[in-house]
Each structure stands twice: as C-alpha cells, then as structure tokens.
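Examination of the molecular architecture
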Amino acid sequence: MPASDALVEHARRAREYAVADYSHFKVGAALETSDGTVISGCNVENATYGLTVCAERVAMFKALSDGHRTFTRIAIVADTADPTPPCGACRQILWEFGGDLEVVLANLTDVKGTHRLKDLLPLPFDARLL
Ligand code: THU
C-alpha cells in the first residue's frame, strides 16, 4: 500500500487545524468531488463536548455548502498505528450525501486501508425507505 496520495496529504494538512482541546485526538479528512475538487475538514470540539463535529462531517458540510453534490473518495487521517474509521454518525451522513464512497484510512506516515462505504454501513437507512 502506498504511504500516501494527494488526497491523504490534504487530510494530513487539515488535521493540523483540528480544534481538539478536550480529547487531544486530532483528525483530518479530505473529500474528493467527482470533478476532482478536494474539500478538507478537521474535528471541532467545544466545552459542551456533545456538540463536537467530526472531521468527516465538517468536510461534507463544507462541500455541500459550497454547492458540491457528487463525491468519489474521502481520506481520514489520525496519528494512530491502527486506522481511525468514521463513527456511526459520520457513516450515515457520508452515505446520504456521498453514496458508496471509497474510504481511505491513513496515519501520518502510511495508508492503512481502503474500504467501500457500503461495507462500513451495511443495511443503511436512507431516502429510498421513506
Ligand atoms: N473524531 C473524528 O473527527 N473522526 C473520526 O473518525 C473519529 C473521531 C473526533 C471526534 C472527537 O473530536 C475526537 O475525534 C475523539 O473522539
């Protein structure tokens, strides 16, 4: 597996902006649109703890609010030996707006794995069921 690709490098840079004063667990994400644009995000914590927003959702909400609607990949970076997969809430949001994204998990030096979102969120609830 390669140590990096351009999308992972974007996520590594975004991680540097993490607002993680409570957990000290910094995460970066980089979302690629179908036209190749990259939108990054970092986790944003706050004193109520519960209103924390993960890096993945920050990236997706930034992208949506800039008018992007179709996505291909997301890279997620943390400074851990084991990869940091998206939490359940993020999987739901990524599925709703990104569909079956390729999810690239990496740390500061290596790419640790690549997954399809459909495998991370089997039997999803989504608009087809409404
Ligand atoms: N976090 C993310 O930003 N993305 C993940 O995939 C896992 C967890 C954040 C939330 C919180 O700020 C910190 O990491 C510890 O849970």
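Keep in mind that this is a model prediction, so the values were computed, not measured.

**Structural notes on the pairing of strand β4 (residues 102-106)**
With respect to burial, β4 is a largely interior element, four of its five residues being buried. With five bridges joining them, strand β3 (residues 71-78) and β4 adopt parallel strand pairing. Within the sheet, the bridge partner assigned to Ile 76 lies in β4 and is Leu 105. As a crossover connection, the stretch from β3 through helix α3 (residues 88-98) into β4 is right-handed. In this structure, β4 lies alongside strand β5 (residues 111-116), joined through five bridges in antiparallel fashion. Of the residues in β5, the one forming a bridge with Leu 105 is Gly 113.

**Remarks on helix α1 (residues 6-15)**
Among all positions of α1, only Leu 7, Val 8, Ala 11, Arg 12, Ala 14 and Arg 15 are buried. The arc that holds the buried residues of α1, viewed along the axis, is 165°, so those residues lie on one side. Buried residues belonging to α1 abut β1 (27-33), β2 (38-42), β3, β4 and β5. For α1, the capping residue at the N-terminal end is Asp 5, with a side-chain oxygen 2.9 Å from the backbone nitrogen of Leu 7.

**Observations concerning the pairing of β2**
Looking at chain direction, β1 and β2 are connected through five bridges and run antiparallel. Within β2, the residue paired with Leu 31 across the bridge is Ile 39.

**A short note on the packing of aromatic side chains**
All chains considered together, the criterion is met by one aromatic pair. Ring geometry for Tyr 22 and Tyr 49: centres 5.4 Å apart, planes at 50°, overall tilted. Placement of Tyr 22 in the loop between α1 and β1 and of Tyr 49 in the loop between β2 and α2 (55-65) is noted, with a sequence separation of 27 residues between them. Tyr 49 gets classed as exposed once you look at its relative accessible area, which sits at 57%.

**Overview of the site of the ligand**
What surrounds the ligand is the set Ser 23, Phe 25, Val 27, Asn 43, Glu 45, Thr 52, Cys 54, Ala 55, Glu 56, Thr 84, Pro 85 and Pro 86. Note that an oxygen atom of the ligand is positioned 2.9 Å from one of the side-chain N or O atoms of Asn 43. Interatomic distance of 3.3 Å between a backbone N/O atom of Pro 85 and an oxygen atom of the ligand. Burial of the ligand by the surrounding chains reaches 79%, relative to a free accessible area of 370 Å². Its residues assigned to classes, the shell around the ligand comprises six nonpolar, four polar and two charged.

**Considering the packing of α2 against α3**
Contact geometry for α2 and α3: axes closest at 9 Å, N-to-C directions at 25°. Taken together, α2 and α3 sit at an angle that is classed as roughly parallel. Note on packing geometry: the crossing formed by α2 with α3 is left-handed. Contact residues: α2 offers Glu 56, Arg 57, Met 60, Phe 61 and Leu 64, while α3 offers Ala 89, Cys 90, Ile 93, Leu 94, Phe 97 and Gly 98. In terms of residue class, the contact of α2 with α3 is built from eight nonpolar, one polar and two charged.

Reading the values: the criteria
Residues numbered from 1 in each chain as written. Predicted model: local features only at pLDDT ≥ 70, side-chain atom pairs only at ≥ 80, totals over all residues. Heavy atoms only, no water. Buried < 20%, exposed > 50% of the residue type's maximum accessible area, 1.4 Å probe, protein only. Helix = DSSP H or I, 4+ residues; strand = E, 2+ residues; numbered from the N terminus. Pairing = 2+ DSSP bridges. Right-handed = clockwise from strand over helix to strand, strands pointing away. Arc of directions from axis to C-beta. Contact = heavy atoms within 4.5 Å. Polar contact = N/O pair within 3.5 Å; in protein donor to acceptor, adjacent residues only side chain to side chain. Phe/Tyr/Trp six-rings, centres within 6.5 Å; stacked < 30°, edge-to-face > 60°. Near = heavy atom within 4 Å. Areas by Shrake-Rupley, 256 points an atom, 1.4 Å probe, with all protein chains shown as cover. Nonpolar A, V, L, I, M, F, W, Y, C, P; charged D, E, K, R; others polar. Axes fitted to C-alpha atoms, helices over the stretch in contact; angles between N-to-C directions. Parallel < 35°, antiparallel > 145°, perpendicular 65-115°, else oblique. Left-handed = near helix turned anticlockwise from the far one by under 90°.

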